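# What the coordinates show
These are the residues of each chain, in order.
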Amino acid sequence: MKTHPFARRGTVAIVTAASLILSPPVPLLAAPLQATDKTAAPETPAASPPPKDAPVANPEESSTPPDGGWPRAYTTPKGGRIVVYQPQVASWEGQKHMAAYAAVSYEAKDSTKPTLGTVKVEADTEVAVPERLVSFRDFKITESHFPTLSKEQMKEIVDEIEKSFPVEDRVLGLDRVLASIDRSQIIPKETPDVKADPPEIFFSKKPAVLVNLDGDPIWSAIKDNDLKFAVNTNWDLFLHEPTKIYYLRNEKSWLQAQDIKGPWTAAGKLPESFQKLPDDENWKDVKAALPGQKLSASKLPQVFVSTKPAEMILLSGEPKYQPVSGTSLLWVSNTESDVFRTGKTGTLYFLVAGRWFSAPDFKGPWKFASLELPADFKKIPLEHPRSRVLASIPGTQQAAEAVLLAQVPQTARVNKKEAKAPDVEYQGEPQFEKIEGAQVERAVNTDKSILKVSDTYYLCYEGVWFTGGSPTGPWAVASKVPEEIYKIPISSPAYNVTYVTVEDSTDEWVTFAAAAMYTGVMVAWGCAVWGTGWYYPPFFGGFYMGYPRYFGYYPTYGYRAAYNPWTGAYGRGAVAYGPYGGAGVGARYNPRTGTYSRGAAAYGPYGSRAAGQAYNPRTGTFGQTRQGSNIYGSWGSTQVQRGNQWASTNRVTNRATGATTRTTRTSGGGEAITRSGTGGSGGVARTGSGDVYAGRDGNVYRNEGGSWQKYDNGSWGNADRPTRSGESALSGTTRDQLNHDFSARSEGAQRTRDYGSYQSGGSRSSGSSYRGGGGARGGGGFRGGGGGRRR
């Protein structure tokens, strides 16, 4: 059983599955609670459970953070009341085991005053990146300190806490955790031999479109028509055989040329052949653009054509330079591309697919520059509209976090009897080619990832391995995968399957893990980048009755791939690159019919949908949940039990129990909110001011106006007050720990609010920033190609 270096063993939730891989953001259901991150220890207990007829808060009107907010108030089985303050993360080993400290307020049923103390919690963790949550479902309290209680009383409190903390509430916001950990301890496990050769980069200051072809045009016949269309591009590109004129659809308008490289002019009247295109989904968008809108000279776009994946910097007029606060950099603001400059005549820096390229001028020549960026790049403010680029600057904390998220695998348990392999079709008889560097052969004339080792065949589909005795099956869920497969080099288009591993196997279930590299995100130069940088030539098996046998592979370049820091995924952000998906792929051959389904394959981030949706780069399937979220979501719940389903299922279930809330003012001027419902009672406490913390010395502290106070025998005292010996009551070690936790809690709260802003739609565009700059897209919004759906 092979364990890839990125695959992590540990707890795997057993839950139901829903939806598909890599897909659009869906707003989280907010808890029917309100909370603030500025909190103080309540001097009276949390409220009792409300009456059954109490009103239910509207989740959609709530601004509750993803983890529900802190602190949390619960009524124990024995009628006591507990308030748990936000855990302070001490360590997160391998992103699978966490140790944290928390301040706790406890009041027994018949008591009149709460007792404050601290606990240390340890737990195996699971991460749901799209929901920005970390689960610590099976936690254990390994240490507890309640100075005024006996050991027997402390044991009773610990038991009460463990019993009272609902499983669905055992989550902590990912952004709170990331703010707490020591990022210097994040060691990137680099993907070997990732390339950074610059693509061809076109430049224009006027409307332009980029037509990427996967090699020379491959033309397919259209039944009963003298038009042919190019199968190896995502554009509607036609050749009219009688006149040998090329036609290109650009949204509702048409261009024509006598040479595919141009020059392209307005098409005028189209051949009657266009009206005779079949009346089906394949040609729906084309026929909707007939006879075509006239193009004036000012709106006629320049057409760049490339036979290999290329990129384009498209400006809206002359460059507009805006100073980047706190740096000597200038941001080119009138383009959707990420472009910066060191002075108006200095070096240009262009970010695409997670790689920086530099040039003396917009027209090049370009060279790889990620490891040669000026120091000021690290100083780009989080509030800048393009602060997302920080994730692609080696040495920044944002780059370290992007790497961390890329290295967290998704897991799933697969039922051996229920999970069925997809249909496998070949263009002609199955053809296999040997992979250099491994004793493995790869099927080349099918859209599925099928490998042959000795006399056994292996199919990797949607993060699940199958095995069979022939190239067409029948297929069964694989309990193990040969070591030889994991020797496949990056030079092979099958390389991504080496990031899907078997973690465990029983008679009924197999547990699989898939890292982000399976979907195309690689780790290189200390950053999470898109694609391997290798160009994988397409399969072209000649023609059958006029229809070419062609399969393309997803490229690194060709759709201005940009990183979204909130989803941990790369997105396609440029409409001027054409409709229907990424570069070089536009149609897929159907061996059963002998014809092409146009647009059936959608490679590249987000494929044919808007920037809020996504794709599987190997299979061309689309998702229904969040970007980058769910490799295993396309499987039915009886087939696959996803490891991160707790992030939605459990919390949605909790919110559907008819839970109610009640708020009670505390004597300290704050509030304690208690939730009740079929799953027990609990909620989020909030108070008027202050932050309450667990000191590693076992004492409880709060921060008031920048000064630390210590809770001692029922009251707060100045922790900075000198003792009789003249020394501060607060040791340097404890002070440093508290200051770190104070800063981390503040940053985590801000980041959680930033994510809430993103979720509400403030920064979902391709211009997503970390903070404040939100949806700024800059200029260059020349649209191209149209946005209709292709099948």
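Before going into details, it helps to say that this report is about the structure given with it. Since this is a predicted model, take the numbers as computed values, not measurements.

As a further point, take the overall build of the protein. The secondary structure content of the protein amounts to six helices and 50 strands. With 791 residues in all, the protein has 61% of them scored as buried. For the protein, the proportion of contacts with a sequence separation of at least 24, taken over those separated by at least 6, is 64%. Of the roughly 30300 Å² that the protein leaves accessible, carbon and sulfur atoms contribute 49%.

What follows deals with helix α4 (residues 397-406). The element α4 is largely enclosed, with a buried count of nine among its ten residues. Within α4, burial applies to Gln398, Ala399, Ala400, Glu401, Ala402, Val403, Leu404, Leu405 and Ala406. Contacts made by the buried residues of α4 are with β3 (88-93), α2 (174-180), β35 (521-524), β36 (527-530), β39 (561-564) and α6 (732-759).

What follows deals with the sheet that holds strand β28 (residues 440-443). Strand order in this open sheet of six strands is β27-β28-β29-β30-β31-β32, and the pairing throughout is antiparallel. The outermost strands of the open sheet, each flanked by one partner alone, are β27 (432-435) and β32 (475-477). Looking at each pair of strands side by side, their axes are set apart by 35° on average, direction ignored. The pairing of β28 with strand β29 (residues 449-453) spans two bridges and is classified as antiparallel. Each bridged residue has a counterpart across the sheet, and for Arg442 the counterpart in β29 is Leu451.

Turning our attention to helix α1 (residues 151-164). The terminal C-alpha atoms of α1 lie 20 Å apart, and with 14 residues this matches the ideal 20 Å at 1.5 Å per residue to within 8%. Every buried residue of α1 is listed here: Met154, Ile157, Val158, Glu160, Ile161 and Ser164. Down the axis of α1, the sector holding all buried residues measures 160°, keeping them to one side. Away from its buried face by more than 90 degrees, α1 exposes Lys151, Glu152, Lys155 and Lys163. In this structure, the buried side of α1 is in contact with β1 (72-75), β2 (81-84), β4 (97-107), β5 (115-124) and β8 (140-145).

Turning to the sheet that holds strand β49 (residues 707-712), a few remarks are in order. In spatial order, the strands read β47-β48-β49-β50; together these four strands make up an open sheet with antiparallel pairing. Where the open sheet ends on each side, the last strands, each with one partner, are β47 (691-694) and β50 (715-718). Strand after strand, the sheet turns through a mean of 35° between neighbouring axes, direction not considered. Seen against the sheet, α6 touches β47, β48 (700-704) and β49 and runs at an angle of roughly 130° to β47.

A few words now on the nonpolar core. Residues Trp92, Trp465 and Phe512 are the most contacted members of the largest nonpolar core, which totals 134 residues. Among the nonpolar cores identified, the runner-up in size contains 18 residues, and Tyr247, Ala267, Leu277 and Tyr550 belong to it.

Enumeration over the complete set of coordinates arrives at 22 salt bridges. Here Asp236 and Arg249 are joined by a salt bridge, their closest N and O atoms 2.7 Å apart. Note that Asp236 is positioned in the loop between β13 (227-230) and β14 (237-240) and Arg249 in strand β15 (residues 245-250), a separation of 13 residues in sequence. Using a relative accessible area of 1% as the deciding quantity, one classes Asp236 as buried. Residue classification places Arg249 among the buried residues on the basis of a relative accessible area of 4%. We note a salt bridge from Lys244 to Glu241, for which the minimum N-O separation is 2.4 Å. Three or more residues joined by partner-sharing salt bridges are found here, namely Arg132, Asp175, Glu401, Glu747 and Arg751.

What follows is about the environment of Ala108. Residue placement: Ala108 occurs in the loop between β4 and β5. Expressed as a C-alpha distance, the spacing of Ala108 and Ile82, which sit 26 residues apart in the sequence, is 8.7 Å.

Another aspect to go through is the environment of Ser204. Take Ser204: it is sitting in strand β10 (residues 201-204). Separated by 114 residues in the primary sequence, Ser204 and Glu318 have C-alpha atoms spaced 9.6 Å apart. If near-sequence neighbours (up to four positions away) are discounted, Ser204 is found in contact with Gln302, Phe304, Ile313, Leu314 and Leu315.

Glancing now at the packing of aromatic side chains. How two aromatic rings sit relative to each other is set out by the distance from centre to centre and by the angle between their planes. A full pass over the atoms with the stated rule returns 33 aromatic pairs. Arranged with centres 5.2 Å apart and planes meeting at 70°, the rings of Tyr349 and Phe377 form a pair that is edge-to-face. With Tyr349 in strand β23 (residues 348-352) and Phe377 in the loop between β25 (367-368) and α4, this pair connects stretches of sequence that are 28 residues apart. For Tyr349, a relative accessible area of 8% puts it in the buried group. You can call Phe377 buried: its relative accessible area is 0%. Members of the aromatic cluster, connected to one another through ring pairs, are Phe229, Phe238, Tyr247, Trp254, Phe274 and Trp283. Here the basic side chain of Lys195 rests over the ring of Trp534, its NZ or CZ set 4.0 Å away from the ring centre. Note that Arg413 overlies the ring of Trp509, its terminal NZ or CZ placed 4.4 Å from the centroid.

Attention shifts here to unusual backbone geometry. The linkage connecting Trp70 with the following residue, Pro71, adopts the cis geometry, with an omega of 0°. Inspection of the secondary structure puts Pro71 in the segment before β1. With omega at 0°, the peptide bond leading from Gly364 into Pro365 counts as cis. The topology assignment puts Pro365 in the loop between β24 (355-359) and β25. You will see that Arg132, though not glycine, has its phi angle at about 55°, which is positive. One can find Arg132 in the loop between β6 (126-128) and β7 (133-135).

Quick notes on the rules
- Residues numbered from 1 in each chain as written.
- Predicted model: local features only at pLDDT ≥ 70, side-chain atom pairs only at ≥ 80, totals over all residues.
- Heavy atoms only, no water.
- Helix = DSSP H or I, 4+ residues; strand = E, 2+ residues; numbered from the N terminus.
- Buried < 20%, exposed > 50% of the residue type's maximum accessible area, 1.4 Å probe, protein only.
- Contact = heavy atoms within 4.5 Å.
- Areas by Shrake-Rupley, 256 points an atom, 1.4 Å probe, with all protein chains shown as cover.
- Pairing = 2+ DSSP bridges.
- Axes fitted to C-alpha atoms, helices over the stretch in contact; angles between N-to-C directions.
- Expected span 1.5 Å × (residues − 1).
- Arc of directions from axis to C-beta.
- Core = buried A, V, L, I, M, F, W, Y, C linked by side-chain atoms within 4.5 Å.
- Salt bridge = Lys/Arg side-chain N within 4 Å of Asp/Glu carboxyl O.
- Phe/Tyr/Trp six-rings, centres within 6.5 Å; stacked < 30°, edge-to-face > 60°.
- Lys NZ or Arg CZ within 6 Å of the ring centre and 35° of its normal.

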